[in-house]
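# Breakdown of the fold
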Amino acid sequence: MKNSCKVNKRFIVFALSAAIAVSAAGVVPGISFPGSQPAVTANAAEDNVTVSMGLTAGGSLIGINYKLSFDEDPNLYDVTIDDGVTGGVIVGNDLTFTFPCCARNMGEKHTLLIKKGDNIIKETKVCVYDYLNKLLADDTYADIHDLVSSMFSYGSAARDYFAGDTVICPVGYKKYDDVTVSASPFDKDTLNSALSGMDAPVSYYGMNLSLRSEIGFSLYFRKTGVDALTFLENSASSLSNATVKDLNDDFACVNVEVAASKLDKVFALDFGGCSTEFSPVQYISAALDDKDTNLVKLCKALYAYGSAAKEYASQSAENKVYSGKATFYDAINSNGCYNIDDLIGNDYTCAMNEYDSPCAEYAGAYLKVTRGDKSINVLVTDLFPTDSEGCAPGNIDLCEDAFDALGERTEGIIDVTWEVISYPVADKENVSYRFKEGSSEYWAEIQPRNTRYPVAKMEVFSGGSWHELERKNYNYFSVGDYVGTTYTIRLTDIYGNTIIDENIPWGSNVIREGNSQFPEI
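Residues numbered from 1 in each chain as written. Predicted model: local features only at pLDDT ≥ 70, side-chain atom pairs only at ≥ 80, totals over all residues. Heavy atoms only, no water.

Quick look at helix H4 (residues 228-235) now. Given 3.6 residues to a turn, an α-helix orients residues that are three or four positions apart in the same direction. Within H4, burial applies to Ala-228, Phe-231, Leu-232 and Ser-235. Relative to the axis of H4, the buried residues are bounded by an arc of 95 degrees and lie together on one face. Those residues of H4 that are buried lie in contact with helix H3 (188-197), strand E15 (202-211), strand E16 (215-223), strand E17 (243-246), strand E18 (251-258) and strand E19 (267-271). (Buried < 20%, exposed > 50% of the residue type's maximum accessible area, 1.4 Å probe, protein only. Helix = DSSP H or I, 4+ residues; strand = E, 2+ residues; numbered from the N terminus. Arc of directions from axis to C-beta. Contact = heavy atoms within 4.5 Å.)

Moving on to the sheet that holds strand E9 (residues 84-85). On the basis of which strands lie adjacent, the open sheet formed by four strands has the order E9-E8-E12-E13 and antiparallel pairing. Strands at the two margins of the open sheet, each flanked by one partner only, are E9 and strand E13 (119-126). Pairing between strand E8 (residues 78-81) and E9: two bridges, direction antiparallel. The partner of Thr-80 across the bridge, within E9, is Val-85. (Pairing = 2+ DSSP bridges.)

As summarised here, the arrangement of the four strands in space is E30-E29-E33-E34, forming an open sheet in which the pairing is antiparallel. The strands lining the two open edges of the sheet, one partner per strand, are strand E30 (465-468) and strand E34 (498-505). Across the sheet, the mean angle separating the axes of adjacent strands is 30 degrees when strand polarity is ignored. Relative to E30, strand E29 (residues 455-462) runs antiparallel, the two sharing four bridges. When the sheet's bridge partners are listed, Phe-461 is paired in E30 with Trp-466. (Axes fitted to C-alpha atoms, helices over the stretch in contact; angles between N-to-C directions.)

So this is what it looks like as structure tokens:
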């Protein structure tokens, strides 16, 4: 048996670069700020088009989410942001699209121009700073004022560090002055002693954070042997979305994406039996001792924003606890209509009522079901039809073993609550895509699988824009007119998180592995 050691959860700031890096990305997952309400409408109805906006922010990149409602076909109009074509998704007479903006430039005004032929229908200026001010001035949104003010502070600190725009954070909204971080610097020497003792082909060097749509968390290693990359790939194999990069002759790094609301998340790397835990918050803790006051301010503001985002995400999840009644059925002799029976493994299963899931909205959802002081986790694999006895909003039909774990079958019906939780497979696997039997480059139906949370929307990129796919009640999405030999797919979960997978090849009755996974809320 191999000896195992557990290194303390401590970090040292990356010695070569104490600075946080910043980069852009095309997708903006994360916390969804409210949008489309009159109080935060970018401009009132004018002529025959109405513009409204919202925000999504996961890390440094903020998505300005526009919704344009026309009284006729949106394809008749040309829509640009800062003279650039927007693309977007058209559903009926509505056009929706996202325009990215860095937190450090939240005061920058962007020009939305809508033309029909040579006629200008609407021209308006929009910026994140003005939008956040509207939220703060409206008590309707009092429940997110702490999140908004933390975003202000974060943007202000990022502006100072990265030399962004000149808009000043409103007085009274510096949320980072008294920030304390409950983490300690990492014990680099202890880890390197363990790696040296096992003749590992790497030594630990340090870390960095990159501010983009989510937070990029990088662990740097000096290569000391020819098998360094293979060693790191094996060490990071249990982490979903982890990538190993060969930087140069001397260094390599392991990268993972972290939501701002998960800065305290712990990542474990197994160096051949020596399990070592890392966390982004420990980089922040070490950086607070840096001599660069702007870096210290940025790290404090990021931590404060992450804390507020975590609290908001937690409240949003808590608001999605459903009450209902549970019955039971013989799941062993009943094939689930959502076509994911091969994913069940040792999980309990259930059928979701047709009112809450009329078109497979909860297919593949992982639920925590509670009765009194007893709780179980179940996978939604089937539908509870409306014509079944006991089917009603909030009700679920449990497999017999799941019902037994909560009550006695002689009770028949029991009162329960249930909520969606993270599918544990998502911690180790990316999203995958199953192509229905008979799919080809001329017709295809695709089923997303292993998603952390249920999928609310699936889109494909074709002809220069995104197209939302029709969802079938048997848990496949119809590609329709947007077929091809490879697909660029965008998924949105029930919490508004978005991921993109590119170059997914078609097939018939095959499962294609993706490269992304939804972040935890």
